[in-house]
Amino acid sequence: MKTYKIAVIGGDGTGPEVVAEGLKVLRAAGEKFGFGLDLKPFDIGGERYLKTGEVLPEGTVDELKKFQAIFLGAIGHPGVKPGILEKGILLRLRFELDQYINLRPVKLYPGVDTPLKDKGPEDIDFVVVRENTEGLYTGSGGFLKKGTPDEVAIQTSINTRKGAERCIRFAFDYCKKRNSKKKKVTLCGKTNVLTFAFDLWERTFHDVAKDYPDIATDYAHVDATTMWMVKNPEWFDVIVTDNMFGDIITDLGAMIQGGMGIAAGGNLNPQGVSMFEPIGGSAPKYTGKNVINPMAAIGAGQMMLDYLGEPAAAAAVERAIMKAIKDDLKDMAAGKMGMGTSEVGDLVAGYVSKGI
Ligand code: IPM
Ligand code: MN
């Protein structure tokens, strides 16, 4: 039997709770489709940091490199100053494991409420390919005369030809494989103001597009992108963009697909170790209450299965998610599902076992 070695980082807040439900569903899929999971938990996150002062213990990154994938809950703790855990854990893993793609599907499932009037599942089905290792996220910059009236703060956006090209190429390849009739890649940028960074992106985009004559290309400024995502989400198939814009537009994407309870993502290194996570965060106020919606974590598990080369199991998990959402969950928001976190996990795992 095939067995996948998976590193599990429950992390902070509701992370461990949703990860437990994701794993429940993954185990059910393994039994049904004949693969095993060799899981190793890693104690990383805000609690550990507060206890030991250690953000990411020495050697962790090297150890993580030995796994086939990482399943992550959430990073972020109300007792820790913003930035320490985010940069010290999440971003460090993305960078050091060179997970240069952040793949974020925006798909409205039937039965899920969207705040967009007159839009339904046929209109909201696209993916955002977010560059995940460059841009404003590299930590390049610094202060001058900090704390004085003459203070200067500089934070530089780093854009490399290699970084833009591998991201854009991934977007085109993904578009080719994706089950959509539109076959279109939209570059989301800001060529009218960021005339260096997005000049590089735009030239790279057109160069790469030549290798994909069957795929249509489009361009939208980031501000217009947010407008079209609300007004005409059906225009989009694959959106490719830089790290910062990708961060922003995928929160909007999560909202139009029904909220943080459902939005999943993958930090991908196609040549290395990838990491799958619900994109919502640690939701401290719901921690330990069995009220958080684990669907996003279950969806992250589905993405992980697909990525590991178990597409049939991934499709079965998606069918189970869709059935539970359509027939059983009252709402996608925490505390409003009509059942608890672990009951949602049981339900979806049950559907996978039954072969829905
Ligand atoms: C995300 C999050 C992270 C990001 C934070 C927690 C650093 O918002 O995954 O979108 O900005 O990338
Ligand atoms: Mn974000």
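Below is a short write-up of the structure. Since this is a predicted model, take the numbers as computed values, not measurements.

Bringing the environment of Ile89 into the picture now. Note that Ile89 resides in helix H4 (residues 84–96). Residues Ile89 and Gly11, 78 residues apart in the sequence, show an inter-C-alpha distance of 9.8 Å. Apart from residues lying up to four places away in sequence, Ile89 is in contact with Ile44, Gly45, Val55, Leu56, Ile75 and Ile84.

This part is about the site of ligand 1. Around ligand 1, the neighbouring residues are Glu86, Leu90, Arg94, Arg104, Arg130, Tyr137 and Asp247. A distance of 2.7 Å separates an oxygen atom of ligand 1 from a polar side-chain atom of Arg94. Contact distances for ligand 1 include 2.8 Å between an oxygen atom and a side-chain N or O atom of Arg104. Protein contacts shield 78% of the accessible area of ligand 1, which totals 320 Å² for the unbound molecule. For the shell around ligand 1, a count of residues per class yields 2 nonpolar, no polar and 5 charged.

The periodicity of an α-helix, 3.6 residues per turn, causes residues three or four positions apart to be oriented the same way. Between its first and last C-alpha, helix H6 (residues 197–209) extends 18 Å over 13 residues, near the 18 Å set by a 1.5 Å rise per residue. All buried positions along H6 are accounted for by Ala197, Phe198, Leu200, Trp201, Thr204, Phe205, Val208 and Ala209. Here the buried residues of H6 occupy an arc of 155° about the axis, which is enough to place them on one side. Those residues of H6 hidden inside the fold are in contact with strand S5 (125–131), helix H5 (161–177), strand S8 (184–189), strand S9 (216–221), strand S10 (238–241) and helix H8 (243–256).

This part covers the nonpolar core. Val129, Val240 and Met295 are the most contacted members of the largest nonpolar core, which has 78 residues in total. Setting aside residues up to four positions removed in sequence, Val240 forms contacts with Val129, Cys167, Ile168, Ala171, Val185, Thr186, Leu187, Cys188, Trp201 and Phe205. With 20 residues, the next largest nonpolar core counts Leu56, Val80, Leu93 and Leu97 among its residues.

Turning our attention to the packing of aromatic side chains. Here the distance between the centres and the angle between the planes together describe a pair of aromatic rings. Applying the stated rule across the entire model yields 10 aromatic pairs. Judged by centre distance (5.5 Å) and plane angle (55°), the rings of Phe126 and Phe236 are tilted. Pair noted here: Phe126 is in strand S5 and Phe236 is in the loop between helix H7 (222–231) and S10, with a separation of 110 residues, a long-range link. Taking 5.5 Å as the distance between ring centres and 45° as the angle between the ring planes, the aromatic pair formed by Phe172 and Phe205 counts as tilted. Of the two residues, Phe172 sits in helix H5 while Phe205 sits in helix H6, which places them 33 residues apart along the sequence. Relative accessible area serves as the criterion here: at 0%, Phe172 is assigned to the buried category. Sitting over the ring of Phe42, Lys40 keeps its end group 5.3 Å from the ring centre. For the cation-ring pair, Arg130 lies above Tyr137, with the distance from its terminal atom to the ring centre recorded as 5.1 Å.

Take the environment of Gly281 next. Within the secondary structure, Gly281 is located in the loop between strand S12 (274–278) and helix H9 (295–308). Separated by 207 residues in the primary sequence, Gly281 and Ala74 place their C-alpha atoms 5.1 Å from one another. When residues no more than four places from it in sequence are discounted, the contact partners of Gly281 are Thr14 and Ala74.

For the rest of this paragraph, the subject is the environment of Met322. Tracing the sequence through the fold places Met322 in helix H10 (residues 311–327). Among the residues examined, Met322 registers a relative accessible area of 29% and is labelled partly exposed. Distance in space between the C-alpha atoms of Met322 and Leu37 is 24 Å, their sequence separation being 285 residues. When residues no more than four places from it in sequence are discounted, the contact partners of Met322 are Tyr109 and Pro110.

Moving on, we come to the packing of H5 against H6. Running from N to C, H5 and H6 point in directions that differ by 45°, and their axes come no closer than 9 Å. Here H6 runs oblique to H5, going by the angle between their axes. As for the relative orientation of H5 and H6, their crossing is right-handed in sense. In this structure, H5 contributes Arg161, Ala164, Glu165, Cys167, Ile168, Arg169 and Phe172 to the contact, and H6 contributes Leu200, Trp201, Thr204, Phe205, Asp207, Val208 and Ala209. In terms of residue class, the contact of H5 with H6 is built from 9 nonpolar, 1 polar and 4 charged.

About the cut-offs
Here the residue index of a chain counts from 1 through its sequence in written order. Chains and ligands are labelled by the order in which they are written, letters from A for the one and numbers from 1 for the other. Where totals are concerned, whole chains, interfaces and linings use all residues; where local detail is concerned, this predicted model gives features only for residues with pLDDT of at least 70, and gives and counts side-chain atom pairs only at 80 or more. Derived side-chain values reflect all non-hydrogen atoms in the structure, with water molecules and hydrogen atoms excluded from consideration. Labels follow the DSSP assignment, with helices taken as runs of H or I lasting at least four residues and strands as runs of E lasting at least two, numbered in each case from the N terminus. Residues count as neighbours in contact if any of their non-hydrogen atoms are within 4.5 Å of one another. What makes a residue near a molecule or strand is one non-hydrogen atom of that residue sitting within 4 Å of it. In the analysis that follows, any N or O atom pair within 3.5 Å is treated as a polar contact, provided that within protein one partner can donate a hydrogen and the other can accept it, and provided that, for residues neighboring in sequence, both atoms belong to side chains. The Shrake-Rupley method, run with a 1.4 Å probe, gives the accessible areas here. Residue values count only the displayed protein chains as cover. Any residue that is not Ala, Val, Leu, Ile, Met, Phe, Trp, Tyr, Cys, Pro, Asp, Glu, Lys or Arg is counted as polar, Gly included; the first ten are nonpolar and the last four charged. By this rule, a helix spans an expected 1.5 Å times one less than how many residues it contains. Note on exposure labels: buried denotes an accessible area under 20% of the residue type's maximum, exposed denotes more than 50%, and partly exposed covers the range between, all computed with a 1.4 Å probe on protein chains only. This arc corresponds to the set of directions leading from the helix axis out to the C-beta atoms. Buried Ala, Val, Leu, Ile, Met, Phe, Trp, Tyr and Cys residues form a nonpolar core when they are joined through side-chain atoms within 4.5 Å. Aromatic rings from Phe, Tyr and Trp, with only the six-membered ring used for Trp, were paired whenever their centres fell within 6.5 Å, and each pair was classed as stacked if the ring planes differed by under 30 degrees, edge-to-face if by over 60, and tilted otherwise. A positively charged side chain is recorded as over a ring if its NZ (Lys) or CZ (Arg) lies within 6 Å of the ring centre. The angle to the ring normal must also be within 35 degrees. Between N-to-C directions, angles cover 0 to 180 degrees, with each direction set by a line fitted to C-alpha atoms, over the stretch in contact for helices. Here is the rule for angles: anything less than 35 degrees is roughly parallel, anything more than 145 is roughly antiparallel, 65 through 115 is roughly perpendicular, and the remaining ranges are oblique. The sense of a crossing depends on the near helix, which, turned anticlockwise from the far helix by less than a right angle, makes the crossing left-handed and, turned clockwise, makes it right-handed.

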